[in-house]
Amino acid sequence: MSKPEKQRRARWRLDDLIAYECALAKDDHEEWAVLRERDAAIGLAAGVESGGSRRWILRQWLRKRLEQYSSLQRVAGSVSQSLSVAGQLLAGAGFLVGLGAATAALAYNGQAPINVSAFFSVFILLQALLAVVLLLVFFMPRRWREFFAFGPLFRFLRWILEGAFNRIQAMVGRILTGEQRQEAAEVAGSARRAVSLHGSLSKWVAFVKIQAAALFFNFGALAALLFAVVFSDRAFGWQTTLQVSGESVHFLVRLVALPWSWLYGEGVGYPDLSQVQGSRIVLKEGIQTLQSGNLSAWWGFLALGIVCYGILPRLVFYVLGKWQVRAALRRFDFGNAASERLMERLLPRSSRFVAEEVAQGSGPGATEDSPPDQPLVESGPGIRCFCAAELAESFDHDALRQALGRLWRKHEAFVKLVFYEGGRMDAPVGELRENEQVAILFESWMPPIREHDRQVKSLRNALEPHVLIKLVLLGIPQGEDEAVSLRPERQYLKTWKSFVRSIGDPYLMLENPGE
Amino acid sequence: MKTIPIFAIIGHPNEGKSSIVATLAQDDSVAISSSPGETVQLQRFDLKAGHEAVIEFIDTPGFQNPQTTLAWFRKNEALGETRVQRFIETHRKDPDFHHDCELLRPLLQGAGLLYVVDASRPMTPVDVAEMEILRLTACPRMALINPKSGETRFLESWKTAFRQHFNSVRTFNAQTARYPDRIELLEALKSIDQDWEPALSRAIELLRLDRKRAVDRTAEAIVDYLEQALRCSCSSFLDKESGVELERRRLEDEYRKKLEKIERRFRDETRDIYGIRRVSVELPKNSILSEDLFSERTWQALGLNQKQLAIAGALLGAGIGAGADIAAAGITFGVFASIGAALGAGSALWKGKDLARVKISHLPLGGLKLTVGPNVSDRFPFIQLDRFLLYALFISNWAHARQETSVKLGGGEVKQGPSSAWKQDELKRVTRFVRAVRKGNGEEIEAAGRELRQLLAGVLS
């Protein structure tokens, strides 16, 4: 395998992704300048500039960060461990439930034998049916698979959670201060972002844990059955009100026992016809007339049924789930906003953020040690920049394009301004060219309102979910000539950052956060 | 149903609507925050004169969908006067439009509109949409410029737009507005709708009366607490002389604490008079009122200047001499009074800022009596009076929107207290009261107190 190919396939484990998210969350509250200095010093700029694999670069970054910052490893470790402990608790609970349920089903007081039909229905038939359904799901295309495997459960949970959340929000909204409400919205946004970004992975992780719990449920049921058979005298029989002959039941039993009949045949792995007929319970006749041998012939069939229809399918699903977790990790898209920001930080100071400072040289944040302006790129994908038609009226379009071009180190010809009216974006978006970037402009001197929220969401709906949207804030025009400023006003910067977080779109980023 | 004028304060989020309401309604229970979105429901605040509500101000959430709302208003032009009502009915169940419905709701009650903007930023299409919505409602309306910074670059463009959309435009800084500014704004409100003129005139009249009552109560409080400060003393008994020094220090400390308590009680009462109950009024760090009563800076900055002090000392001394003249049935032709005045003027000039004189008396049955206070310095009454007056002025001009300190009293050597500007006549009124208190004559205290109250009410008005 060639080196680029190897880099492209850089393997991420679940623990790595957890550590990566922890590292990004920690950096979220740091100053941009500090982060840029720190990350640029890691020495991955060459990889970024040569267009190296993002998976590999970010994996290297994570490795370095974990080396540099040991407490990060502890935090990530504790999250991973919590997941693992949750799985163990689920498995333990599954075992106990299985043990308890089977013990209850095997209760025998010498009056009436244990009803094989009831035990079989709950511990074998039901599980076998579930296994068949799940197996079918695995043969479906991925989208359908996730829809059927999790759809109903997720929709129900979402309905419950959304209802509860809205009620709580409405109730506490009256007693919370504006700042607290904003913080709550940010938390909800973070949750939405996490679901959107890691939803598929989390579903499969949950699937694996549930299969482990189900596996241990069967172990518990099997243990209870074997314990009851070995250490006590149990009688098994079958009964029905319907006019069913012993032959028919025997036929069904033989059918069910097919998977193991080659190993444990009739009379061992499942009862023969005479044993089936001899273990039929007719309540008015009592059990005194029934032979003990016939009454004990069923336990092997039940135990092997649990192994075959309970334990083995769960083992298979557990392995399939693990495989899906790995697939979800392989599919994980590092083109999201947080990773994009990180990639920018890995570049040395000659990045476009320095260009921004040069362009805004007269502004308060300009630094004397800024390197000279670099030539603007005149090739590559362009940037489509959406701007409300009403807002665009206040600016000279050429000046705006030039300023935006300087921000992205692109020639102004590569910046396309698209105007929209009434907050509707469907029509203006149209087809994006390959690798064309998308940005949306707002005034930074006004706090974000619902209309902004709807405009961003409308743009998202008109685009593919994984297309990165860059939110660009305009500063108050500077000087007598009212020059376009891309230095956002400090007054509302915190509010705009909070706004972006509260939307919870992992592919939305504040392009000029003003640090 | 209320018949008083109602005004809804409307605008974009975080333009200072709640601050304006707090200052105009003189109510510090209005929730104010530097971050947007603090107000989510309509909140009504009455401006009261005494116990009577004279004007109602409604704090509203900021516009959240101005352009969509304007588009709806334009599309439904045919609805005419029912447009606001229909808009609310149509959107009331949509959580996205909750704020917009809330802020338009007062218009159904016939409220006047005060549209608040921070004119230190450029105008945007969103602002234009908001102004246009308000114009389409056809309600009486005024634009209020609440400048958050000193930037004036955009002021003209704002004013031009306001002229097109509003009946009247005023600048009103909620953070620094004093009592006269508030009255001036209320007067200006008359101009946006003639129908409100009688009600607003009556409201302003009642407010003025209420203000006068508050000033009189404050003057009364100052006189009461000044009397307490002038009388303040501490004493204790000792068996032997060995512990005198220690006891003296303890008594001085107790005396200082007693004076502090008097000031604290005065400040509480003053805040109560002006209805500042919920927010903590913190004096700026460099304020002279934050200094200790007996600190060097307080005695440098407050009280009388040298010339005034000589006059005051003479007035106080003359009082003592006059007592001797009266005792001699006037035969001395005021000789004692003249000698007393000369001595008083001299002593006032050199007497330092002693905490208070310590008096040690031997008791007939053995033991000692130690007394600290009252302070006999001629400067002390004026310094104490200045502290009371400065605090009362600070509180009486407190803008209820100002929830953090922003008023700074200057420092330096220059006398900053109101008493430093007083002429002989005013000084005479104060010294007469001081003399009466020192003498302990109830009738004289009452008469001199009445005169002093009149003087103080004039300063506070």
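Calculation notes
Residues numbered from 1 in each chain as written. Chains lettered and ligands numbered in written order. Predicted model: local features only at pLDDT ≥ 70, side-chain atom pairs only at ≥ 80, totals over all residues. Heavy atoms only, no water. Helix = DSSP H or I, 4+ residues; strand = E, 2+ residues; numbered from the N terminus. Buried < 20%, exposed > 50% of the residue type's maximum accessible area, 1.4 Å probe, protein only. Contact = heavy atoms within 4.5 Å. Areas by Shrake-Rupley, 256 points an atom, 1.4 Å probe, with all protein chains shown as cover. Pairing = 2+ DSSP bridges. Disulfide = S-S within 2.5 Å. Buried area = accessible area lost by both parts, 1.4 Å probe. Salt bridge = Lys/Arg side-chain N within 4 Å of Asp/Glu carboxyl O. Nonpolar A, V, L, I, M, F, W, Y, C, P; charged D, E, K, R; others polar. pLDDT = per-residue confidence, 0-100. Phe/Tyr/Trp six-rings, centres within 6.5 Å; stacked < 30°, edge-to-face > 60°.

### Here's the deal with the overall build of chain A
Then, number 1: The number of helices and strands found in chain A is 21 helices and eight strands.
Then, number 2: In chain A, which comprises 515 residues, the share counted as buried stands at 45%.
Then, number 3: In chain A, of all internal contacts separated by at least 6 residues, the share reaching a separation of at least 24 is 79%.
Then, number 4: Carbon together with sulfur atoms contributes 59% to the accessible area of chain A, which is approximately 26,800 Å² in total.

### Remarks on the overall build of chain B
Then, number 1: Secondary structure assignment for chain B yields 15 helices and nine strands.
Then, number 2: Taking the contacts inside chain B whose residues are at least 6 apart along the sequence as the reference set, 75% of them involve residues at least 24 apart.
Then, number 3: About 21,100 Å² of surface is accessible on chain B, with carbon and sulfur atoms providing 51% of the total.

### A closer look at the pairing of strand E2 (residues 43–49) of chain B
All names here are of chain B.
Then, number 1: Across seven bridges, the pairing between E2 and strand E3 (residues 52–59) is antiparallel. When the sheet's bridge partners are listed, Ala49 is paired in E3 with Glu52.
Then, number 2: Taking the residues between adjacent antiparallel strands as the criterion, E2 and E3 are bridged by two residues, where Gly50 takes a positive phi near 70 degrees.

### Some remarks on the state of the cysteines
Where two cysteines share a covalent bond between their sulfur atoms, that bond is called a disulfide.
Residues and elements named next belong to chain B.
Then, number 1: Scanning the model with the defined rule gives zero disulfides over all chains in all.
Then, number 2: Take Cys101: it sits in no disulfide, and the sulfur closest to it among the cysteines is that of Cys139, at 15 Å.
Then, number 3: By relative accessible area, which is 1% here, Cys101 ends up buried.

### A few points about unusual backbone geometry
All names here are of chain B.
Then, number 1: Its identity as a non-glycine residue notwithstanding, Asn14 has a phi of 65 degrees, on the positive side.
Then, number 2: Topologically, Asn14 is positioned in the loop between strand E1 (6–11) and helix H1 (17–25).
Then, number 3: Unusually for a residue other than glycine, Gln26 sits at a positive phi of about 50 degrees.
Then, number 4: Structurally, Gln26 can be placed in the loop between H1 and E2.

### Concerning the interface of chain B and chain A
Size of an interface, as often reported, equals the accessible area lost when the parts are brought together.
Then, number 1: Residue-level contacts link 29 residues of chain B with 25 residues of chain A.
Then, number 2: Across the chain B/chain A interface, buried area totals approximately 2,100 Å², and carbon plus sulfur atoms make up 49% of it.
Then, number 3: For the interface between chain B and chain A, the tally reads two salt bridges.
Then, number 4: Residue Asp96 of chain B is joined to Arg454 of chain A by a salt bridge in which the shortest nitrogen-to-oxygen separation is 3.4 Å.
Then, number 5: Counting residues per element, the ones that place at least two in the side of chain B that touches chain A are helix H2 (66–75) and helix H5 (125–137) of chain B.
Then, number 6: Along the lines of polarity and charge, the residues of the side of chain B that touches chain A split into 11 nonpolar, 12 polar and six charged.

### A closer look at the confidence of the model for chain A
Residues and elements named next belong to chain A.
Then, number 1: Chain-level statistics for chain A give a pLDDT mean of 83 and a share of 89% at 70 or above.
Then, number 2: Mean pLDDT across the secondary structure elements of chain A bottoms out at helix H16 (residues 352–359), with 43, and peaks at helix H6 (residues 70–105), with 93.
Then, number 3: Taken as a whole, residues 350–372 scores under 50 in pLDDT and shows 46 contacts with residues more than four places along the chain or in a different chain.

### Some points on the confidence of the model for chain B
All names here are of chain B.
Then, number 1: A residue-level look at chain B finds 86% of positions with pLDDT of 70 or above and a mean pLDDT of 82.
Then, number 2: Helix H3 (residues 83–91) holds the highest mean pLDDT among the elements of chain B, 94, whereas helix H12 (residues 335–350) holds the lowest, 48.
Then, number 3: In this model, residues 345–350 is a region of pLDDT below 50 whose contacts with residues beyond four sequence positions or in other chains number nine contacts.
Then, number 4: Predicted confidence is poor over residues 404–413, with pLDDT under 50, and the contacts of this stretch with residues over four places away or in other chains come to 20 contacts.
Then, number 5: Across the predicted assembly, pTM comes out at 0.74 and ipTM at 0.73.

### A word on the packing of aromatic side chains
Then, number 1: Counting across every chain of the model gives 30 aromatic pairs over all chains.
Then, number 2: On the numbers, 5.1 Å between centres and 75 degrees between planes, the contact of Trp204 of chain A with Phe207 of chain A is edge-to-face. Pair noted here: Trp204 of chain A and Phe207 of chain A are both in helix H9 (residues 178–231), with a separation of three residues, about one helical turn.
Then, number 3: With a centroid separation of 6.2 Å and 70 degrees between ring planes, the pair formed by Phe87 of chain B and Phe97 of chain B is classed as edge-to-face. Taken together, the positions of Phe87 of chain B in helix H3 and Phe97 of chain B in the loop between H3 and helix H4 (98–108) put the pair 10 residues apart, joining distant regions of the chain.

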